[in-house]
Amino acid sequence: MSSEKAAPTSVSTHILDTSVGRPAEGVALTLSVRSGRDAAWTAHGASETDADGRCKALPALPEGTTHVRLDFAVEDYFVSNEHRVSNKHCVHHQANQQAEEQQDAPRVRDSGAFFPEVAITFAVNPGEHYHVPLLLNPFGYSVYRGS
């Protein structure tokens, strides 16, 4: 018999704001878990992205966890950064406006984000690590299982 304890199941994430090509700092997120497809979700941790867009304070998952949900509160990030992004592009504002009109592209909404929240749900296996990066912009997002 071995007294070795199984490695904990863990999750990490980071966010890259692809609209500016930089990490998304200050995005709040919550980590929820459940044990089985029909089980209720339980909040298990919360964090905020650092200057590198990473959350380093997420706790290991409880034994028996089968599904994880990461809820990212991205609207506050876009609202707080909207003025900074628009100020960087003031020089090109007129050209951008003309390009948008020609392409019939949507202008930035009042909230600064079409998706105010991003919820990512995924299945986990015991003892594995799951890195789930979020590529984010005001009108879309993409995720994948990283390494």
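The numbering scheme is per chain: residues are counted from 1 as the chain's sequence reads. Where totals are concerned, whole chains, interfaces and linings use all residues; where local detail is concerned, this predicted model gives features only for residues with pLDDT of at least 70, and gives and counts side-chain atom pairs only at 80 or more. Side-chain calculation: all heavy atoms of the structure are included, whereas hydrogens and water are not.

Per an unreviewed UniProt entry, the recorded name for the protein is Hydroxyisourate hydrolase, and the organism is Streptomyces halobius.

**Section: the sheet that holds strand S7 (residues 118-123)**
In this analysis, strands are considered paired if DSSP registers two or more bridges between them. Put simply, DSSP marks the helices as runs of H or I at least four residues long and the strands as runs of E at least two long, and each gets a number from the N terminus on. Reading across from one edge, S4-S3-S6-S7 is the order of the 4 strands in this open sheet, with antiparallel pairing throughout. Looking at the sheet topology across the chains shown, the edges are occupied by strand S4 (42-48) and S7. Adjacent strand axes in the sheet meet at a mean angle of 20° when their direction is disregarded. Examined bridge by bridge, strand S3 (residues 28-34) and strand S6 (residues 67-73) share 7 bridges and lie antiparallel to one another. Bridge pairing in S6 links Leu31 to Leu70. Fitted lines through C-alpha atoms serve as axes, helices being fitted only where they are in contact, and the angles separating the N-to-C directions of these axes extend from 0 to 180 degrees.

**Considering the pairing of strand S1 (residues 10-17)**
Side chains on a regular strand alternate between the two faces of the sheet. The buried label applies to any residue whose accessible area, calculated with a 1.4 Å probe on protein chains only, is under 20% of its type's maximum; exposed applies above 50%, and partly exposed to all values in between. With 6 of its 8 residues buried, S1 lies for the most part within the structure. In the sheet, S1 pairs with strand S8 (residues 129-131) via 3 bridges, with the strands oriented parallel. Paired with Ser12 across the two strands is His131, which belongs to S8. Note that S1 and strand S5 (residues 54-55) share 2 bridges and pair antiparallel. Counted as the bridge partner of His14 is Arg54 from S5. The sheet contact formed by S1 and strand S9 (residues 134-137) spans 3 bridges and is parallel. The residue of S9 that forms the bridge with Ile15 is Leu134. The pairing of S1 with strand S2 (residues 22-23) spans 2 bridges and is classified as antiparallel. Looking at the pairing, Leu16 lines up with Pro23 of S2.

**Notes on the side chain of Ser12**
For Ser12, the position within the fold is in strand S1. In protein, a polar contact requires one atom able to donate a hydrogen and another able to accept it; more generally it is a pair of N or O atoms within 3.5 Å, and residues adjacent in sequence count only if both atoms are side-chain atoms. Of the polar contacts made by the side chain of Ser12, one reaches the side chain of His129; its length is 2.9 Å. Contact criterion: two residues are considered in contact whenever any of their non-hydrogen atoms come within 4.5 Å of each other. Contact partners of Ser12, with chain neighbours within four places excluded, come to Leu58, His129, Tyr130, His131 and Val132.

**Details of the packing of aromatic side chains**
Here the aromatic set is Phe, Tyr and Trp, taking the six-membered ring for Trp, and pairing holds for ring centres within 6.5 Å; pairs whose planes are under 30 degrees apart are stacked, those over 60 apart are edge-to-face, and all others are tilted. Overall, the coordinates contain 4 aromatic pairs when judged by the stated rule. Residues Phe115 and Tyr141 carry aromatic rings whose centres are separated by 5.2 Å and whose planes lie at 80° to one another, so their mutual orientation is edge-to-face. Note that Phe115 is positioned in the loop between helix H2 (93-103) and S7 and Tyr141 in strand S10 (residues 140-143), a separation of 26 residues in sequence. Given the relative accessible area of 30%, Phe115 is considered partly exposed. Note on Tyr141: relative accessible area 37%, which makes it partly exposed. Both rings, one in Phe122 and one in Tyr130, keep their centres 6.1 Å apart while their planes meet at 40°; by these two values the pair is tilted. Side by side, Phe122 and Tyr130 carry an identical accessibility label, which is buried. Chaining the aromatic ring pairs together yields one cluster made of Phe114, Phe115 and Tyr141. Think of it as a cone above the ring: NZ of Lys or CZ of Arg counts as a charge over the ring if it is within 6 Å of the ring centre and within 35 degrees of the ring normal. In this structure, Arg69 is placed above the aromatic ring of Trp41, and the distance from its NZ or CZ to the ring centre is 4.6 Å.

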